[in-house]
Amino acid sequence: MEDNILEIKDVSKLYPGVTALNHINLTFRKGEIHALCGENGAGKSTLIKTISGAITPTAGQIIIDGETFSGLTPALAREKGVAVVYQEFTLVPVLTAAENIFMGNFKKKGIMIDRKAMYEEAAKIFERMGINLDPRSKVQDLTTGYQQIVEIAKAISYNARILIMDEPSAPLTTNEVDAMMNIVRTLKKEGVTIIYISHRMEEIFELADRVSVLRDGEYIGTKDIQDTDHDDLIRMMVGRTLSQTYPSRNCRTDEVVLEARHLSGNGVKDISFQLHKGEILGLGGLIGAGRTELCEMIFGYYPIQSGELYLHGKLINPTSPSDAVSKGIALVPEDRKKHGIIGEMTVLDNLTLSTLKKLSKVAIDRKAQREYAQSQVDAMGIKTPSLKQKVRNLSGGNQQKVILGRWLGANPEILIFDEPTRGIDVGAKAEIYKLMTQLVEEGKSIIMISSDMSELLGMSDRLVILAKGRYTGTLDASEFSQETVLKYSSGGVQK
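Residues numbered from 1 in each chain as written. Predicted model: local features only at pLDDT ≥ 70, side-chain atom pairs only at ≥ 80, totals over all residues. Heavy atoms only, no water.

Looking at an unreviewed UniProt entry, one finds the protein named Sugar ABC transporter ATP-binding protein and attributed to Candidatus Merdiplasma excrementigallinarum.

Okay, structure coming up:
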């Protein structure tokens, strides 16, 4: 078709023992926002790396503006107008915004770098994006949202006509997401084709003109956004209907397991709450409210400066994470790649880190170690080719299960989940929710931090809300609503 700028024709990518893409056929139109959906491991990353020239397909063709290629290089893809904004930033913090935008393509006057020209050109790009940002600002001084804007500006500085955005909203606050989406709409008006990858359904339905779904390396289908809905997309992505996103339960008791009284430290002040046996206690609040900081203090990362923490009515003061673990408290961190998994180690080693003492006498009992690890893989449904697989090669949802499986080996009574489903797909989310429900039904207690409002309201029995490092209120399930949570999160009301 004349309005197609990009066509993926019968593209396959094979690795030893794995078919990452299997005869994919897709078209992308000029000036459309085309969402690309699928569970982790569906083939989305392989496809965008194929389009951007990072990998060469085993078979098939890539057609850009009628020109056919059996494979691209990054330089050739860029020459043909393809640019990618990856989820993880590639900026140099000590350089200015303008210097980052033109990195590798510095404007020069003779043999000297022409910074004035770069600043002027960067200012024009920001103006085109509708953003007021000083090109001389150092990236390290910018918020995450503005760093994302610099990444987008860097991509479009090459006069990109096809812009691939991989989970662009993952690190952003709500206001920053709104600003980013406005930029996407502006680029669309200018005729840029946006390939938009996101696990956040609300963004897809707000932005996209069409949506395509991949599953297990296979092309499932493409639909106009007005011809589909949330449930239909999930069915296409996972191959089944997720009839109940948030499992029902009724296992919260009156027994208080953990109580904080006027806790202060690590950026929070005067926080009080109770955690009951069999309860999922949600921690709500905006980014920077102090939720993670509070839980880091409970887990012993940082000292309690004042106030008291009681476990079953007994005063405790965790002085380190290992001390907290010995008291039956575990933390599943927000950034699983930095603080959760050890990527270069195997699934076997990651799963058994917390149980090595139990599995050792004079030396580690390797047979017992393998048996324990396999039992966790089976019980939690961890998808891995073998226990010898490096954990960095697993999908985000399976990495999260490995972290959880490791902690369960220590048999904690209290688990703290910090953003438990960030960056994982809808099918894996449902499995994590099921595991969390099983844990509280077994008598364990959970503190859950989540910036996903639906998840926060759907999974919590009660909510403790923070704003600017302070406690603003506790809500029972009967009081839950998005409006109420946002009022308390803004600090405008207290309870």
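Asks: Whenever I open this one, helix H5 (residues 144–156) confuses me. Can you help?
Replies: Taking 1.5 Å per residue, 13 residues should reach 18 Å; H5 reaches 19 Å between its end C-alpha atoms and fits that length. With 11 of its 13 residues buried, H5 lies for the most part within the structure. For H5, the complete set of buried residues consists of Gly145, Gln147, Gln148, Ile149, Val150, Glu151, Ile152, Ala153, Lys154, Ala155 and Ile156. (Helix = DSSP H or I, 4+ residues; strand = E, 2+ residues; numbered from the N terminus. Expected span 1.5 Å × (residues − 1). Buried < 20%, exposed > 50% of the residue type's maximum accessible area, 1.4 Å probe, protein only.)

Asks: Is there a simple way to think about the pattern of salt bridges in this case?
Replies: It is possible for side chains of opposite charge to pair when their charged atoms get near one another. Inspection of the entire model under this criterion finds 16 salt bridges. Of the charged contacts in the structure, one is a salt bridge between arginine 235 and aspartate 232, with a shortest N-O distance of 2.7 Å. Highlighted residues: arginine 235 and aspartate 232, both in helix H8 (residues 230–238), separated by three residues, approximately one helical turn. For arginine 235, a relative accessible area of 38% translates into the label partly exposed. On the basis of relative accessibility, which here comes to 14%, the residue aspartate 232 falls in the buried class. With a closest N to O distance of 2.3 Å, glutamate 431 and lysine 401 form a salt bridge. With glutamate 431 in helix H15 (residues 426–441) and lysine 401 in helix H14 (residues 396–408), this residue pair connects regions lying 30 residues apart in the sequence. Looking at glutamate 431, the relative accessible area reads 27%, which means it is partly exposed. A residue is classified by how much of its surface remains accessible, and lysine 401, at 2% relative accessible area, is buried. Via salt bridges that share partners, Lys223, Asp232 and Arg235 belong to a single interconnected network. (Salt bridge = Lys/Arg side-chain N within 4 Å of Asp/Glu carboxyl O.)

Asks: Is there a simple way to think about a positive patch on the surface in this case?
Replies: On the surface, a cluster of positive charge is contributed by Arg366, Lys367, Arg370 and Lys388. The residue arginine 366 is located in helix H13 (residues 366–380) in this model. Owing to a relative accessible area of 45%, arginine 366 belongs among the partly exposed residues under this scheme. (Patch = residues over 30% accessible without salt bridge, like charges linked within 9 Å, V, L, I, M, F, W, Y side chains within 5 Å. Areas by Shrake-Rupley, 256 points an atom, 1.4 Å probe, with all protein chains shown as cover. Lys, Arg positive; Asp, Glu negative; His and termini not counted. Charge placed at Lys NZ, Arg CZ, Asp CG, Glu CD.)

Asks: What is the right way to read the pairing of strand E15 (residues 280–284) from this model?
Replies: For E15, the tally of buried residues reaches five of five residues, placing the bulk of the element in the interior. Across the two faces of E15 the burial is the same, with Ile280, Gly282 and Gly284 and Leu281 and Leu283 all buried. Taken together, the four bridges between E15 and strand E20 (residues 445–449) define a ladder with parallel strand orientation. Bridge assignment links leucine 283 to a residue of E20, and that residue is isoleucine 449. Where E15 meets strand E21 (residues 462–467), four bridges bridge the pair, whose relative direction is parallel. The partner of leucine 281 across the bridge, within E21, is arginine 462. (Pairing = 2+ DSSP bridges.)

Asks: Is there a simple way to explain H8 in this structure?
Replies: Residues separated by three or four positions in an α-helix point in the same direction, a consequence of the helix having 3.6 residues per turn. For H8, the complete set of buried residues consists of Asp232, Leu233, Ile234, Met236, Met237 and Val238. Between the side-chain oxygen at the start of H8 and the backbone nitrogen of aspartate 231 there is a gap of 3.3 Å, and the oxygen is on aspartate 229. Glycine 239, located one to two residues past H8, shows a positive phi value of around 80°. (Polar contact = N/O pair within 3.5 Å; in protein donor to acceptor, adjacent residues only side chain to side chain.)

Asks: I tried to follow the sheet that holds strand E5 (residues 67–69) on my own but got confused; where do I start?
Replies: Within a sheet, adjacent strands bond to each other through the backbone by hydrogen bonds, running parallel or antiparallel. The antiparallel open sheet is built from four strands, whose spatial order is E2-E1-E4-E5. The sheet terminates laterally at strand E2 (18–29) and E5, the two strands that pair on one side only. Put simply, the sheet's adjacent strands are angled 15° from each other on average, direction ignored. As paired strands, strand E1 (residues 4–15) and E2 are joined by eight bridges and run antiparallel to one another. Following the sheet pairing, leucine 14 is matched in E2 by threonine 19. (Axes fitted to C-alpha atoms, helices over the stretch in contact; angles between N-to-C directions.)

Asks: Please explain the environment of arginine 470 as it appears in this structure.
Replies: Here arginine 470 shows up in strand E22 (residues 470–476). Residue classification places arginine 470 among the partly exposed residues on the basis of a relative accessible area of 41%. In sequence terms arginine 470 and serine 272 are 198 residues apart; their C-alpha atoms lie 9.6 Å from each other. Once residues within four sequence positions are removed from consideration, arginine 470 is found in contact with Lys269, Ile271, Ala289 and Ile465. (Contact = heavy atoms within 4.5 Å.)

Asks: Hey, could you run me through the packing of helix H4 (residues 115–129) against H5 in this one?
Replies: Packed helices, taken two at a time, are described by the angle their axes make and the gap between the axes. Viewed as axis vectors pointing N to C, H4 and H5 meet at an angle of 110°, and their least axial separation amounts to 10 Å. Between H4 and H5, the angle is such that the two are roughly perpendicular. Contact residues: H4 offers Ile125, Phe126, Arg128 and Met129, while H5 offers Ile149, Val150, Ile152, Ala153 and Ile156. (Parallel < 35°, antiparallel > 145°, perpendicular 65-115°, else oblique.)

Asks: In this structure, what is going on with the packing of aromatic side chains? I would like to understand it.
Replies: Scanning all chains against the criterion turns up two aromatic pairs. A centroid spacing of 5.1 Å and a plane angle of 45° characterise the contact between tyrosine 246 and tyrosine 433, whose relative ring orientation is tilted. With a gap of 187 residues between them, tyrosine 246 in the loop between H8 and strand E13 (256–265) and tyrosine 433 in helix H15 connect regions that are remote in the sequence. Measuring from ring centre to ring centre gives 5.5 Å for phenylalanine 299 and tyrosine 301, while their planes differ by 65°; the resulting arrangement is edge-to-face. The residue whose ring lies beneath arginine 78 is tyrosine 158, and the NZ or CZ to ring-centre distance is 5.1 Å. (Phe/Tyr/Trp six-rings, centres within 6.5 Å; stacked < 30°, edge-to-face > 60°. Lys NZ or Arg CZ within 6 Å of the ring centre and 35° of its normal.)

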